[in-house]
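Coordinates in review
What follows is each chain in one-letter form.
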Amino acid sequence: MSEYDHRAQRLFVPASLAAGQLVPVPTESLNYLLNVLRLRTGAGVHIFNGQDGEFFAVLQLAGKRSAHFEVLKRLREQSRQPNLDYCFAPIKQARLDYMVQKATEMGVGCIRPIITSYTQIRKVNMDRLRANIIEAAEQCGVLAVPELFPPVSLPAFLETSSGQTLFVFCDEKAETANPFNSLSGHVASHVSLIIGPEGGFDEVERQLILSAPNVVRLSLGPRILRADTAAVAALTIVQAALGDWNNAS
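This report concerns the structure included in the present document. This structure is a prediction, so every number in the text was calculated from the model and none was measured. (Residues numbered from 1 in each chain as written. Predicted model: local features only at pLDDT ≥ 70, side-chain atom pairs only at ≥ 80, totals over all residues. Heavy atoms only, no water.)

Notes on the packing of helix H2 (residues 93-105) against helix H3 (residues 126-140)
- Remark: H2 packs on H3, axes separated minimally by 8 Å, with the N-to-C direction vectors making an angle of 40°. Relative to H3, H2 is oriented oblique. As for how H2 packs across H3, the hand of that crossing is right-handed. Between H2 and H3, the contacting residues are Gln-93, Leu-96, Asp-97, Val-100, Gln-101, Thr-104 and Glu-105 on the first element and Arg-128, Leu-129, Asn-132, Ile-133, Ala-136, Ala-137 and Cys-140 on the second.
- Residues belonging to the contact of H2 with H3 are distributed by class as follows: seven nonpolar, four polar and three charged. (Axes fitted to C-alpha atoms, helices over the stretch in contact; angles between N-to-C directions. Helix = DSSP H or I, 4+ residues; strand = E, 2+ residues; numbered from the N terminus. Parallel < 35°, antiparallel > 145°, perpendicular 65-115°, else oblique. Left-handed = near helix turned anticlockwise from the far one by under 90°. Contact = heavy atoms within 4.5 Å. Nonpolar A, V, L, I, M, F, W, Y, C, P; charged D, E, K, R; others polar.)

Section: the pattern of salt bridges
- This model, assessed by the stated rule, comprises 13 salt bridges.
- Notably, a salt bridge pairs Arg-10 with Glu-54, separated by 3.0 Å at the nearest N-O pair. Of this pair, Arg-10 sits in strand S1 (residues 10-12) while Glu-54 is found in strand S4 (residues 54-61), placing the two residues 44 residues apart along the sequence.
- For Arg-10, a relative accessible area of 5% translates into the label buried.
- Arg-95 is paired through a salt bridge with Glu-198; the nearest N and O atoms lie 2.2 Å apart. Of this pair, Arg-95 sits in helix H2 while Glu-198 is found in the loop between strand S11 (190-195) and helix H6 (203-210), placing the two residues 103 residues apart along the sequence.
- Judged by its relative accessible area of 29%, Glu-198 falls in the partly exposed class.
- Overlapping salt bridges, with partners in common, bring together Asp-171, Lys-173, Glu-203, Arg-206 and Arg-217 in one network. (Salt bridge = Lys/Arg side-chain N within 4 Å of Asp/Glu carboxyl O. Buried < 20%, exposed > 50% of the residue type's maximum accessible area, 1.4 Å probe, protein only.)

Structure, rendered in structure tokens:
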């Protein structure tokens, strides 16, 4: 098989995929392919669905409002869903878009909005979040598209979490300043990274999190970070210490 082309156009297709299939082009993608990218019949595209791997397909037009992909060969096998949940209090929309995109790029398996006492935004546009997840996956070569969960309260989230989960709690009151020291020695089959809203968690919420089994308090340094910045910083630390950036994991 030839070397993978990282510059190729990638498109998420919500359909089962296999070599030899004819797959309809999603209606919402047709205008982008034809009028933005200006692709025509015979153009090669990489397509994926988050389940069957990534395939090389050829675009076949059938008029101005219809097209399908001729799926020719598999380029990459489907990767496993990462055992890393990103759990966060929703923030204002533009920064929320950025945060969800970066979490996808950083390799999370699940994205879980959590409603807390200081949460700024309590009504989440799930369709918009899903679109941002897919766009980030398309652009960054991600195969395991993160699963998006509807918002729940903090107590409900903690109650439904697995007993095998390691909770990594970003806590400005953490006693250990070095975050890598905090995570050193921990081995986890599943990690839930918890980041609060701007203003943090109230004391009742902090104690509720700390009372859960398997909790590690994580410092993000001496400065106060915005929630979207904290997301990238914390995910970097977790992936380097416990996740797929660690060659020993």
